[in-house]
Amino acid sequence: RRLASAQLSTALATVAWPMALVAGMTPRGAVILYMPMLACCVFCSFANMAVLNLFALETVPARLRGVALGVAYFTENLLGETTSAWLYGAVADAGGRRLGFQLLASGILLAAITMGFAAARCRHEQRELAADVGQPLAV
């Protein structure tokens, strides 16, 4: 399940970042293009939250899962809801809406790359475990 959640997170972020970039590049009156792009980006970003929480829960030992979920929610709220509106507003005020969306797209792209590496690591661990199954245990 850890590999599947990392792959799904990578796919959602891969879909979301170009949508954010296109939404930021639309002219002011192009609501027909802006709203679907923004809606797709927001949907993928919010859907990714649950997948990332599952990934966090599958990564830590069972006895630490409650703490891991608490830390994940705290971090999501601190970085996602508390500071992001202020940061986007400051960037948009300084450089315009397009620059704000470029910053957003860059963050989503960074998340896609990071989860892609996590998925590759999970695949590598699965291959190592499969190779070790046929070998006797060292005492």
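Below: a short report on this structure. (Residues numbered from 1 in each chain as written. Predicted model: local features only at pLDDT ≥ 70, side-chain atom pairs only at ≥ 80, totals over all residues. Heavy atoms only, no water.)

**Let's talk about the overall build of the protein**
The number of helices and strands found in the protein is four helices and zero strands. In the protein, the succession of helices and strands from N to C terminus is α-α-α-α. Expected size for 139 residues packed as a compact globule is a radius of gyration near 14 Å; at 19 Å, the protein overshoots this value by more than 25%. Scored against the burial criterion, the 139 residues of the protein give a buried share of 25%. Of the accessible surface of the protein, which amounts to about 9100 Å², a share of 72% is contributed by carbon and sulfur atoms. (Helix = DSSP H or I, 4+ residues; strand = E, 2+ residues; numbered from the N terminus. Rg over C-alpha atoms; globule rule 2.2 N^0.38 Å. Buried < 20%, exposed > 50% of the residue type's maximum accessible area, 1.4 Å probe, protein only. Areas by Shrake-Rupley, 256 points an atom, 1.4 Å probe, with all protein chains shown as cover.)

**Some details on a nonpolar patch on the surface**
A cluster of nonpolar side chains, contributed by Val42, Phe46 and Met49, occupies part of the molecular surface with about 270 Å² of accessible area. Relative to the helices and strands, Val42 is located in helix α2 (residues 31–59). (Patch = residues over 30% accessible without salt bridge, like charges linked within 9 Å, V, L, I, M, F, W, Y side chains within 5 Å. Salt bridge = Lys/Arg side-chain N within 4 Å of Asp/Glu carboxyl O.)

**Considering the environment of Leu64**
Tracing the backbone through its elements, the reader meets Leu64 in the loop between α2 and α3 (65–95). Placed 35 residues apart in sequence, Leu64 and Leu99 show a C-alpha to C-alpha distance of 40 Å.

**Quick look at the nonpolar core**
Nonpolar side chains tend toward joint burial in soluble globular proteins. Listed in full, the ten residues of the largest apolar core are Leu12, Ala13, Ala16, Ala20, Cys41, Cys44, Val51, Ala105, Ile108 and Ala112. Of all the secondary structure elements, the ones that give two or more residues to this core are α1 (2–25), α2 and α4 (97–132). Here this core takes four residues from α1, the largest share from any one element. Once residues within four sequence positions are removed from consideration, Val51 is found in contact with Ser5, Leu8, Ser9 and Leu12. Leu3, Ala6, Met115 and Ala119 belong to the second largest nonpolar core, which has seven residues in total. (Core = buried A, V, L, I, M, F, W, Y, C linked by side-chain atoms within 4.5 Å. Contact = heavy atoms within 4.5 Å.)

**Re the packing of aromatic side chains**
Under the criterion given, the structure shown has one aromatic pair. Judged by centre distance (6.1 Å) and plane angle (85 degrees), the ring pair of Tyr34 and Phe101 falls under edge-to-face. In this pair, Tyr34 is assigned in helix α2 and Phe101 in helix α4, connecting sequence segments 67 residues apart. (Phe/Tyr/Trp six-rings, centres within 6.5 Å; stacked < 30°, edge-to-face > 60°.)

**Considering the packing of α1 against α2**
Look at α1 against α2: their axes get within 8 Å of each other, and the N-to-C directions meet at 155 degrees. By the angle between their directions, the pair α1 and α2 is classed as roughly antiparallel. Once α1 is placed against α2, the crossing between them reads as left-handed. When the residues that make up the contact of α1 with α2 are grouped by side-chain class, the tally is 22 nonpolar, five polar and two charged. (Axes fitted to C-alpha atoms, helices over the stretch in contact; angles between N-to-C directions. Parallel < 35°, antiparallel > 145°, perpendicular 65-115°, else oblique. Left-handed = near helix turned anticlockwise from the far one by under 90°. Nonpolar A, V, L, I, M, F, W, Y, C, P; charged D, E, K, R; others polar.)

**Looking at the pattern of salt bridges**
On inspection of all chains with the given rule, the structure shows two salt bridges. The closest approach of N and O atoms between Glu125 and Arg2, which form a salt bridge, is 2.1 Å. In this pair, Glu125 sits in helix α4 while Arg2 sits in helix α1, placing the two residues 123 residues apart along the sequence. Owing to a relative accessible area of 25%, Glu125 belongs among the partly exposed residues under this scheme. Exposure remark for Arg2: the relative accessible area of 24% places this residue in the partly exposed category. Across the pair Glu125 and Arg121 runs a salt bridge whose closest N-O atoms are separated by 3.5 Å.

Function-wise, these values are silent; they only describe arrangement.
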